[in-house]
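In case you want the letters, here they are:
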Amino acid sequence: MTGNSGNVENSTGIRVASVDDIPEGEGIAISSKITGTEDDIAILRDDDGTCWALNDTCTHETASLAEGWVEDGDVECPLHSSRFNLKTGKVDGLPATRDTVPHRVEVRDGEVYLFPGERP
Amino acid sequence: MTVTSVVVVGGGIAGVSTVAELRKNGYAGELTLVSADAVPYDRPPLSKAYLAGEKPLDAIALQRPDWYADQQISLIGDAVAVSVRPDAGEVELADGRVLPADRIVLATGGRAVRPTFGQLGRDAPVHVLRDVADADRLRTQLVPGARLLIVGGGLIGAEVASTARGLGAEVVLVDPLDPPLAAAVGTEVARWLHGLHAEHGGEALTTTVETLLEARAGVAVQLKGEPDSRRFDVVLLAVGLVSETGLAEAAGLETSRGILVDSGQVTSHPSVLAVGDCARLRDHPRAEHWEAAQRDGARAAATILGSAPPPATAPWWWSDRYGLHVEGVGEMRSPDAEHQTVVRGVVGQPPFSVFTLRGERVIGAVAVDDPNAVRAARRMIDRGVDVRASDLADPATDLRKLLRGTR
C-alpha cells in the first residue's frame with residue numbers, strides 16, 4: 001500500500017496513495033526512503049475522511065503511529081495510547097511528552113500528495 | 001470561594017496528571033507539586049525497559065524538566081510532606097516550609113506489600129519493586145546465571161520474569177493461583193500467558209513461600225510442598241500494593257484500604273482530594289492501573305475548577321512480556337447464563353483477542369499484539385454498541401466498521 005510510484009517534486013508533492021486505500025480511522029506508513037526524511041511518515045485518515053501526516057514513530061517508544069487508532073482529530077498510539085493532534089503533532093495525551101512533526105498533505109482527484117518537511 | 005492555591009502531594013502519574021489538567025483547563029492560581037523524586041518519572045518502565053537498562057532515568061520522565069516552569073508549576077523535588085492541615089489550608093514539608101493551600105490533592109501512591117517470611121537482615125537480597133531505587137538495586141543483581149525467585153505471578157512479577165530472562169538470569173516464579181491473572185484476562189488467556197515463563201526458560205510453580213532465610217551469598221527459600229529448601233541469589237516480592245495513607249490519617253481523613261473519595265476525588269474533608277493508588281472510591285476496589293491514576297487527576301482538576309468531569313470510560317491497562325504486548329479493557333467474566341466469551345483469532349497465536357459479551361454488549365476485552373481490538377472494544381463498551389458474537393469472532397470483520405455501523 002505504500003506509494004512506491006511517488007515522484008519527488010516539491011511543488012506538487014509526492015503521490016503516496018489513493019485516498020480510498022486508507023480506510024477512515026486508519027493510517028499507512030510511507031518509508032523514509034520515499035519521503036527522504038529521517039523518520040517514516042504516517043498518512044492518517046481521520047474519521048471525517050480528512051488526511052493528515054505525522055512522523056510515524058511515536059515519540060514515547062518505538063511504535064508506528066500508522067498502526068494507531070485515528071479519531072476526532074487525534075491518533076492514538078497502538079502501544080501505550082499516547083495521543084497526538086493530527087494537525088499540529090502536539091501531544092494530546094500522555095505518556096508521550098514530546099510533540100511530533102506534522103507534514104503537509106494535499107488530496108487532489110482522490111490522490112494523496114505528501115510534502116515532507118513542509119508544515120501543514 | 002475562588003481557589004487561588006493548590007498543593008499536590010506526590011509526583012507519580014496521578015499527581016502530575018492533576019497539575020497538568022488544572023493548567024490545561026484554565027486554572028491560573030498558585031500550583032505546587034511536591035515530589036519525593038527530583039523530577040517525576042513514569043513507573044511502568046521500572047519492570048521493563050528501565051530495569052533492562054535500555055532506558056535511563058531521564059528517558060522515563062513524566063514531563064520534560066522545563067515543562068514545570070513553562071506551565072508555572074512550582075515543582076518542589078526531593079521533598080517530603082510531613083503534615084497536611086486542611087482547616088488551616090496548609091501543607092508542611094520536612095524542611096519546615098509551610099505551603100498555603102486552598103485545596104490539597106493527595107497523590108501519595110502506595111508501597112509494595114512486603115510480607116515477612118522469617119528473619120532477614122537489612123542487606124538481604126530480598127526486594128520489592130515500586131521506585132527507581134528498588135529497580136536499581138534489583139538490576140545490579142540480574143546478571144547472567146543469577147538465580148532469581150519471584151514471589152507473585154501478576155503483571156509486575158511476570159514483567160520482571162521476562163526482563164530477567166532477557167538479562168540472562170535464571171527465573172523461578174511462584175504463585176498460589178494456577179494460573180495467575182485469570183480474573184483479569186480470563187482463564188484460557190491467563191493459562192497461555194503463564195505458560196510463556198516455561199517456554200522462555202523460566203520455571204513457574206503453583207505454590208507459596210513458607211520461609212525466606214538469609215544464606216551464604218543469597219537466600220534459602222522453603223517452598224510449600226518441597227522436601228528441601230532452594231537457594232537463590234535474589235528474591236523479588238511482587239504480591240501487591242498497600243495505599244500510602246499516613247498523611248491522610250494524621251489529618252483525620254476517612255481511610256479504609258485507601259483514602260476514601262467520592263466520584264469527584266473529594267475525601268471526607270471538602271478541601272482535600274486524593275488521586276491514584278493512595279485513593280479508593282467508596283465501595284469500589286482500587287484500580288491500581290496507570291490510566292486510572294491519570295483519570296483520577298483529570299477528575300480532581302475538574303472538581304477544583306467546578307467544571308464537568310471528563311466522560312467515564314472503561315478501565316484500560318497494558319503489560320508486556322517476552323516481546324508480546326498485552327492489553328485489557330473493561331471486565332472479563334467466565335461464561336455463564338448471562339455472559340459469553342468470544343475469541344477473535346486463536347488464543348496462543350498472536351495477534352488474537354478475547355471478548356466478554358453480556359447479551360449483545362461487549363463488557364470486556366483482552367488482546368495480545370492486537371491493540372486496536374481493545375481500542376475498538378473500549379469504544380463499544382463506552383458507547384453501548386450492540387454487536388453480534390459471530391461478527392466479533394470473525395477476524396475478517398473490520399472492528400471499526402462494526403463500531404460505526406451499529407452506532
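Note that residues are indexed from 1 along each chain, following the sequence as it is written. Chains carry letters from A onward and ligands carry numbers from 1 onward, assigned in written order. Under the rules for a predicted model, residues below a pLDDT of 70 receive no local features and side-chain atom pairs below 80 are neither given nor counted, while totals for whole chains, interfaces and linings still include all residues.

Q: Looking at this model, I keep getting lost on the overall build of chain A. Mind explaining?
A: Going along the chain from the N terminus, every DSSP run of H or I of four or more residues is numbered as a helix, and every run of E of two or more is numbered as a strand. The helix and strand inventory of chain A stands at one helix and ten strands. In this description the radius of gyration comes from C-alpha coordinates, and the expected globular size is given by 2.2 Å times residues to the power 0.38. For a compact globule of 120 residues, the expected C-alpha radius of gyration is about 14 Å, and chain A comes in at 13 Å, within 12% of that figure. Considered along the principal axes of its C-alpha atoms, chain A spans approximately 35 × 30 × 20 Å. Backbone-placed C-beta atoms define the burial measure: a residue is buried with 20 or more other C-beta atoms within 10 Å of its own, exposed with 12 or fewer, and partly exposed in between. The 120 residues of chain A split such that 48% are buried.

Q: Hey, could you run me through the overall build of chain B in this one?
A: Along its length, chain B carries eleven helices and 25 strands. Principal-axis analysis of the C-alpha atoms gives chain B an extent of 65 × 60 × 35 Å. Out of the 407 residues belonging to chain B, those deemed buried represent 45%.

Q: Can you walk me through the nonpolar core in this structure?
A: Side chains that are nonpolar tend, in soluble globular proteins, to be buried together. Residues and elements named next belong to chain B. Val9, Leu106 and Val235 are the most contacted members of the largest nonpolar core, which has 84 residues in total. No fewer than three residues from each of domain 1 (5–111 + 241–305) and domain 2 (126–237) sit in this core. Two residues form a contact once the distance between their C-beta atoms, set from the backbone, is within 7 Å. In this structure leucine 106 touches Val9, Gly10, Leu247, Ala248, Ile259, Val272, Ala274 and Cys278, once residues within four positions along its chain are discounted. Take the buried Ala, Val, Leu, Ile, Met, Phe, Trp, Tyr and Cys residues, join any whose C-beta atoms are within 7 Å, and the set you get is a nonpolar core. In this entry, domain limits derive from an automatic or database-based domain assignment.

Q: Would you mind going over the sheet that holds strand β15 (residues 230–232) of chain B with me for this structure?
A: Where strands meet in a sheet, backbone hydrogen bonds hold them as pairs that are either parallel or antiparallel. All names here are of chain B. At least two DSSP bridges between two strands are needed for those strands to be called paired. The antiparallel open sheet is built from three strands, whose spatial order is β13-β14-β15. The sheet is open, and its two edges are formed by β13 (209–215) and β15, each paired on a single side. Strand-to-strand twist of the sheet, defined as the mean angle between neighbouring strand axes without regard to direction, takes the value 30°. Note on geometry: axes are C-alpha line fits, over the in-contact stretch for helices, and angles between N-to-C directions span 0 to 180 degrees.

Q: Please explain the sheet that holds strand β7 (residues 103–106) of chain B as it appears in this structure.
A: All names here are of chain B. If you trace the five strands from one edge of the open sheet to the other, you get β3-β2-β1-β7-β19, paired in parallel fashion. The sheet is open, and its two borders are formed by β3 (74–76) and β19 (272–274), each paired with just one other strand. The average undirected angle you get between the axes of adjacent strands in this sheet is 15°. Here strand β1 (residues 5–9) runs beside β7; their pairing, made up of four bridges, is parallel. In the strand pairing of β7, valine 8 is matched with valine 105. Its contacts with the sheet put helix α1 (residues 13–24) on β1, β2 (30–34) and β7, and the angle it makes with β2 is roughly 165°.

Q: Looking at this structure, how should I read the environment of Ala112(B)?
A: Residue and element names in this part refer to chain B. Relative to the assigned elements, alanine 112 resides in strand β8 (residues 110–112). Of the residues examined, alanine 112 has 19 C-beta atoms within 10 Å and is grouped as partly exposed. Each C-alpha atom of the pair alanine 112 and serine 47 lies 13 Å from the other, and the pair is 65 residues apart in sequence. Ignoring anything within four residues of it in the chain, the contact list for alanine 112 reads Val128, Leu129, Arg130, Leu237 and Leu241.

Q: Just checking my understanding: could you explain the domain arrangement of chain B for this structure?
A: Note: interface size is frequently given as the accessible area lost on complex formation between the parts. Per the domain assignment, the segments making up chain B are domain 1 (5–111 + 241–305), domain 2 (126–237) and domain 3 (323–403). Between the C-alpha centres of domain 1 of chain B and domain 3 of chain B there is a distance of 33 Å.

Q: Teacher, can you tell me more about the confidence of the model for chain B here?
A: For residues with low pLDDT, the predicted coordinates do not support detailed interpretation. What pLDDT reports is the predictor's confidence in each residue, on a scale of 0 through 100. Confidence in the prediction for chain B averages 95 pLDDT; 99% of positions are at 70 or higher. Predicted complex metrics record ipTM = 0.83 and pTM = 0.93.

Q: Would you explain the environment of Ala17(A) in this entry?
A: Mapped onto the fold, Ala17(A) is located in strand β1 (residues 14–18). Sequence-wise, Ala17(A) and Val112(A) are 95 residues apart; in three dimensions their C-alpha atoms are separated by 5.3 Å.

Q: Could you clarify how one ought to interpret the environment of Arg216(B) in this entry?
A: Residues and elements named next belong to chain B. Inspection of the secondary structure puts arginine 216 in the loop between β13 and β14 (218–223). Accessibility expressed as a C-beta count within 10 Å gives 6 for arginine 216, which makes it exposed. Between the C-alpha atom of arginine 216 and that of phenylalanine 232, which follows or precedes it by 16 residues, the distance is 10.0 Å.

Q: Mind showing me how you'd approach the interface of chain A and chain B here?
A: The interface of chain A with chain B comprises nine residues on the first partner and eleven residues on the second. The nonpolar class holds Ala, Val, Leu, Ile, Met, Phe, Trp, Tyr, Cys and Pro. Asp, Glu, Lys and Arg form the charged class, and all remaining residues, Gly among them, are polar. Of the residues in the side of chain A that touches chain B, the class split is five nonpolar, three polar and one charged.

Q: Any chance you could explain the packing of α1(B) against helix α8 (residues 290–305) of chain B here in plain terms?
A: Working note: a packed helix pair is described by the angle between its axes plus the distance between those axes. All names here are of chain B. Where α1 meets α8, the closest approach of the two axes is 7 Å, and the angle between their N-to-C directions is 40°. As for the relative orientation of α1 and α8, their crossing is right-handed in sense. Note on element contacts: α8 touches α1 through Trp290, Ala293, Gln294, Asp296, Gly297, Ala298, Ala300, Ala301 and Ile304, opposite Ile13, Ala14, Ser17, Thr18, Glu21 and Leu22. Whether a crossing is left-handed or right-handed is set by the direction in which the near helix is turned from the far one by less than a right angle, anticlockwise for left-handed and clockwise for right-handed.

Q: I keep staring at helix α9 (residues 371–383) of chain B and nothing clicks. Help me out?
A: Residues spaced three or four apart along an α-helix point in a common direction, a consequence of the helix completing one turn every 3.6 residues. Residues and elements named next belong to chain B. Here α9 is 13 residues long and its end C-alpha atoms lie 18 Å apart, about the 18 Å a rise of 1.5 Å per residue gives. With eleven of 13 residues buried, α9 lies mostly within the body of the structure. Considered for burial, the residues of α9 that qualify are Pro371, Asn372, Ala373, Val374, Arg375, Ala376, Ala377, Arg378, Arg379, Met380 and Ile381. At the exit of α9 stands glycine 384, carrying a positive phi of roughly 60°. Expected helix span is given by 1.5 Å per residue-to-residue step, counting one fewer step than there are residues.

Q: Even after reading the chapter, I still don't get the confidence of the model for chain A, so can you show me in this structure?
A: Confidence in the prediction for chain A averages 89 pLDDT; 91% of positions are at 70 or higher. The low-confidence segment residues 1–9 of chain A (pLDDT under 50) makes 22 contacts with residues lying over four places distant or belonging to another chain.

Q: Looking at this structure, I do not really get α1(B). What am I missing?
A: Residue and element names in this part refer to chain B. For α1, with twelve residues, the first-to-last C-alpha span of 16 Å sits near the 16 Å given by 1.5 Å per residue. Within α1, ten of the twelve residues are buried, which leaves it mostly tucked inside the rest of the structure. For α1, the set of buried residues is Ile13, Ala14, Gly15, Val16, Ser17, Thr18, Val19, Ala20, Glu21 and Leu22. On its buried face, α1 is in contact with β1, β2, β7 and α8. Just downstream of α1, glycine 26 is the residue with a positive phi angle, here 100°.

Q: Would you explain the pairing of strand β23 (residues 339–346) of chain B in this entry?
A: Two faces make up the sheet, and in a regular strand the side chains alternate between them. All names here are of chain B. When β23 meets strand β24 (residues 349–358), the two strands line up antiparallel, connected through seven bridges. Directly across from valine 342, in β24, lies its bridge partner phenylalanine 355. Counted between consecutive antiparallel strands, the loop separating β23 from β24 contains two residues, among which glycine 348 sits at a positive phi close to 100°.

Q: Even after reading the chapter, I still don't get unusual backbone geometry, so can you show me in this structure?
A: What you tend to see is this: most non-glycine residues have negative phi, and most peptide bonds are trans. The omega torsion of the bond from Leu94(A) to Pro95(A) falls at 10°, within 30 degrees of zero and hence cis. Within the fold, Pro95(A) resides in the loop between β8 (91–93) and β9 (102–108). Cis geometry marks the peptide bond from Pro350(B) to Pro351(B); its omega dihedral reads 0°. Tracing the sequence through the fold places Pro351(B) in strand β24.

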